[in-house]
Amino acid sequence: MRTFLPIAFAAALVAPAFAQEPTTLQYITTKGIILKVPGMDIPVTYMPDGKWTAMDGQVSGTWKIVGETLCVTSTYEPAEAWTLYPAGKKPGDEFEIMSPQGPVSIQINK
């Protein structure tokens, strides 16, 4: 029993170091984003079942994560897009990505 307590205590101290922070895309697909294009802020919601919606349901589709890339299909053009997202972004962060239509600003919801 005396040997077990120090080992258990050491394991409890080390465990937080092994806890992994969510990736940029995990935050995006759980928190949602604001897609910022000139003159418009478009809320985008991602559902756990692999579907997404924007513009009050006028635009929708499916999503999946492949590495640091988000692949979406859409009812709007382009019908499919693969977008590379930067690592290390958190809720509240705003950054630019290159979309099929050119650069756009993204803000991860808090």
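This is a predicted model, so every value here is computed, not measured.

1. Some words on the packing of aromatic side chains
Logical step 1: Here the structure, examined in full by the defined rule, presents two aromatic pairs.
Logical step 2: Judged by centre distance (6.2 Å) and plane angle (90 degrees), the rings of Y46 and W63 are edge-to-face. Pair noted here: Y46 is in strand β2 (residues 40-46) and W63 is in strand β4 (residues 59-66), with a separation of 17 residues, a long-range link. For the pair Y46 and W63, one class covers both residues: buried.
Logical step 3: With a centroid separation of 6.3 Å and 80 degrees between ring planes, the pair formed by Y85 and F95 is classed as edge-to-face.

2. Some words on the layout of surface pockets
Logical step 1: As a volume, the largest pocket reaches approximately 660 Å³.
Logical step 2: As for the largest pocket, its lining consists of 28 residues, and the residues nearest its centre are L35, W52, Y76, S99 and Q101.
Logical step 3: Taken together, the elements giving at least two residues each to the lining of the largest pocket come down to β1 (33-37), β2, β3 (51-54), β5 (69-74), β6 (80-84), β7 (94-99) and β8 (102-108).
Logical step 4: In the lining of the largest pocket, the residues fall into 22 nonpolar, five polar and one charged.

3. Some words on the side chain of S105
Logical step 1: Its place among the elements puts S105 in strand β8.
Logical step 2: One polar contact links S105 to E94, side chain to side chain, over a distance of 2.9 Å.

How each quantity is defined
- Residues numbered from 1 in each chain as written.
- Predicted model: local features only at pLDDT ≥ 70, side-chain atom pairs only at ≥ 80, totals over all residues.
- Heavy atoms only, no water.
- Phe/Tyr/Trp six-rings, centres within 6.5 Å; stacked < 30°, edge-to-face > 60°.
- Helix = DSSP H or I, 4+ residues; strand = E, 2+ residues; numbered from the N terminus.
- Buried < 20%, exposed > 50% of the residue type's maximum accessible area, 1.4 Å probe, protein only.
- 1 Å grid on protein atoms, 1.4 Å probe; cavity = no way out; pocket = protein on both sides within 12 Å on 5 of 7 lines; lining within 4 Å.
- Points joined across faces, edges and corners; volume = space filled by probe spheres on them.
- Nonpolar A, V, L, I, M, F, W, Y, C, P; charged D, E, K, R; others polar.
- Polar contact = N/O pair within 3.5 Å; in protein donor to acceptor, adjacent residues only side chain to side chain.

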